[in-house]
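Secondary and tertiary structure notes
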Amino acid sequence: MIEKLKTIEDKYDEITLKLSDPGIVSSQKDFLRYSKESSELQPLIDKIKQYRKMLDDMEEAEGIIRASTDADLRELAREEFEDLKAKKPLVEDNLKTMLIPKDPRDERNVVIEIRAGTGGDEAALFVSDLFRMYTRYAELRHWKVDVIDSNPTGIGGMKEIVATITGRGAYSRLKYESGVHRVQRVPLTEASGRIHTSASTVAVLPEAEEVDLKIDEKDLRIDTFCSSGPGGQGVNTTYSAIRIVHIPTGVTVQCQDERSQLKNKIKAMKVLRSRLYDLEIEKAERQRADSRKSQVGSGDRSERIRTYNFPQNRVTDHRVGLTLHKLSLVLEGDMEEIIDTLSTHFEAKKLQEMSI
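Description of the structure in this document. These figures come from a predicted structure and were not determined experimentally.

Glancing now at the packing of aromatic side chains. All chains considered together, the criterion is met by three aromatic pairs. Between the aromatic rings of Phe 126 and Tyr 308, the centroid separation amounts to 5.3 Å while the plane-to-plane angle is 70°, which identifies the pairing as edge-to-face. Separated by 182 residues along the polypeptide, Phe 126 in helix H5 (residues 121-140) and Tyr 308 in strand E9 (residues 304-309) bring together distant segments of the chain. The pair formed by Phe 126 and Tyr 308 is uniform in burial state, with each residue classed as buried. Arranged with centres 5.7 Å apart and planes meeting at 85°, the rings of Tyr 137 and Trp 143 form a pair that is edge-to-face. Note on Tyr 137: relative accessible area 1%, which makes it buried. By relative accessible area, which is 10% here, Trp 143 ends up buried. The ring of Tyr 34 carries Arg 33 above its face, with NZ or CZ at 4.4 Å from the centroid.

Here the focus is the sheet that holds strand E8 (residues 251-255). Reading across the sheet, the three strands line up as E6-E7-E8 and stay open at both edges, with antiparallel pairing between neighbours. The sheet is open, and its two edges are formed by strand E6 (220-225) and E8, each paired on a single side. Recorded for the sheet is a direction-independent mean angle of 15° between the axes of neighbouring strands. The pairing of strand E7 (residues 241-246) with E8 spans five bridges and is classified as antiparallel.

Right, let's talk about the pairing of strand E1 (residues 110-116) for a bit. Burial analysis of E1 places five of its seven residues in the buried class, which makes it a mostly covered element. By the bridge criterion, six bridges tie E1 to strand E3 (residues 158-166) in an arrangement that is antiparallel. Across the sheet, Ile 114 pairs through a bridge with Ile 161, a residue of E3.

With that out of the way, let us pick up helix H4 (residues 71-99). The end-to-end C-alpha separation of H4 is 41 Å, in line with the 42 Å expected for 29 residues at 1.5 Å each. Of all bends in H4, the biggest is about 30°, found at Lys 87, and the proline Pro 89 comes one to four residues later. Within the sequence span of H4, burial applies to Ala 77, Phe 81, Leu 84, Val 91, Glu 92, Leu 95 and Leu 99. Two to three positions downstream of the cap, the backbone nitrogen of Asp 72 sits 2.9 Å from a side-chain oxygen, assigning the N-cap of H4 to Asp 70.

Right, let's talk about unusual backbone geometry for a bit. A positive phi angle, close to 60°, is found at His 142, a residue other than glycine. Tracing the backbone shows His 142 in the loop between H5 and strand E2 (144-152). Look at Asn 313: it is not a glycine, yet its phi comes out positive at around 50°. Note on Asn 313: relative accessible area 29%, which makes it partly exposed.

This part is about the sheet that holds E2. As summarised here, the arrangement of the eight strands in space is E2-E3-E1-E5-E4-E9-E10-E11, forming an open sheet in which the pairing is mixed. At either margin of the open sheet sits one strand with a lone partner, and together these are E2 and strand E11 (322-324). Looking at each pair of strands side by side, their axes are set apart by 15° on average, direction ignored. Together, E1, E2, E3, strand E4 (179-185), strand E5 (196-206) and E9 form the strand contacts of H5, whose direction differs from that of E3 by roughly 15°.

A separate point is the pattern of salt bridges. Inspection of every chain in the model, using the stated rule, returns 31 salt bridges. A salt bridge links Glu 37 to Arg 33; the shortest N-O distance between them is 3.8 Å. Here Glu 37 pairs with Arg 33, and both are found in helix H3 (residues 28-67), just four residues apart, close to one helical turn. Residue class for Arg 33 comes out partly exposed when judged on its relative accessible area of 41%. Measuring nitrogen to oxygen at the nearest pair gives 2.5 Å for the salt bridge that ties Arg 173 to Glu 336. Note that Arg 173 is positioned in helix H6 (residues 170-174) and Glu 336 in helix H9 (residues 336-353), a separation of 163 residues in sequence. Taking relative accessible area as the criterion, Arg 173 reaches 15% and is therefore assigned buried. Here the salt bridges share partners, and the residues they tie into one network are Glu 113, Arg 115, Glu 160 and Arg 275.

The rules behind the values
Residues numbered from 1 in each chain as written. Predicted model: local features only at pLDDT ≥ 70, side-chain atom pairs only at ≥ 80, totals over all residues. Heavy atoms only, no water. Phe/Tyr/Trp six-rings, centres within 6.5 Å; stacked < 30°, edge-to-face > 60°. Helix = DSSP H or I, 4+ residues; strand = E, 2+ residues; numbered from the N terminus. Buried < 20%, exposed > 50% of the residue type's maximum accessible area, 1.4 Å probe, protein only. Lys NZ or Arg CZ within 6 Å of the ring centre and 35° of its normal. Pairing = 2+ DSSP bridges. Axes fitted to C-alpha atoms, helices over the stretch in contact; angles between N-to-C directions. Expected span 1.5 Å × (residues − 1). Bend = angle between axes of the 7 residues up to and from the residue. Polar contact = N/O pair within 3.5 Å; in protein donor to acceptor, adjacent residues only side chain to side chain. Contact = heavy atoms within 4.5 Å. Salt bridge = Lys/Arg side-chain N within 4 Å of Asp/Glu carboxyl O.

This is the structure:
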């Protein structure tokens, strides 16, 4: 680990030198880039300095213990050494956590897709519950939620809904929500009071930017059709809804939330770009994971990740063994404990894989 810390210190010193270079200072773009890199490294540099001072103090204390003829001084040095020795593992753990490479997508906005799985109408109702949960969570964090497309049922549920969530760090907080969410409750239509089990799938995609991948217009088939949905002038009369098919992959997206065909196309392209970007990321992760079966934080959407049990007011995340008896609060957006636990769990798994 010492060699890795030295490499980081050398990089920080190099950036500091560049920030004093008149050529860099005169270029606003370069100066801002290096300033950002410096500020991002600063907390880690401070922690490295703390760690090095601790090692120096331990070495000094050991020297006193070995060489001093003053019994009281040796005892003080021994106490200091034991105190620093006890603190050292914690400082090293903090350093290792800070050394985990940041996911460059963490600060991005999110495209979230929720679809009904097994369970018919009950699964569609659960889609509405999940979307409301994420909407409430977004509101608590002052994020913006914008519906792209939805397919409502006649009983208040939704077969699927696609939306963007815009806000700083949205992907970092929601990226572990991808997977199968299972619900256990008594449906409103169940006269005998039997508990039914249904499921819905959640896909959380980092919003892709145009620079992330190039989409060739000739690879797209764009269709227009009449919007469907409750009321509103222009619904079923104006060809404002957009469906885009990416021919090479077969990925299809549509948007009918706006009355403007252009706005719907812009929104649909945003979702298409994010889906194609996600496919590229998954492909790269599979290639890197050839030597191991499980991918850390892969968010496999075929995996059952969480159960929401209404009779017991219980929510259980199966990946971390976390059970909370406050389902009603979680569905109102109180998700911080779940998300924090997941983040800590997957960071720990990444640490195990790093040879530090």
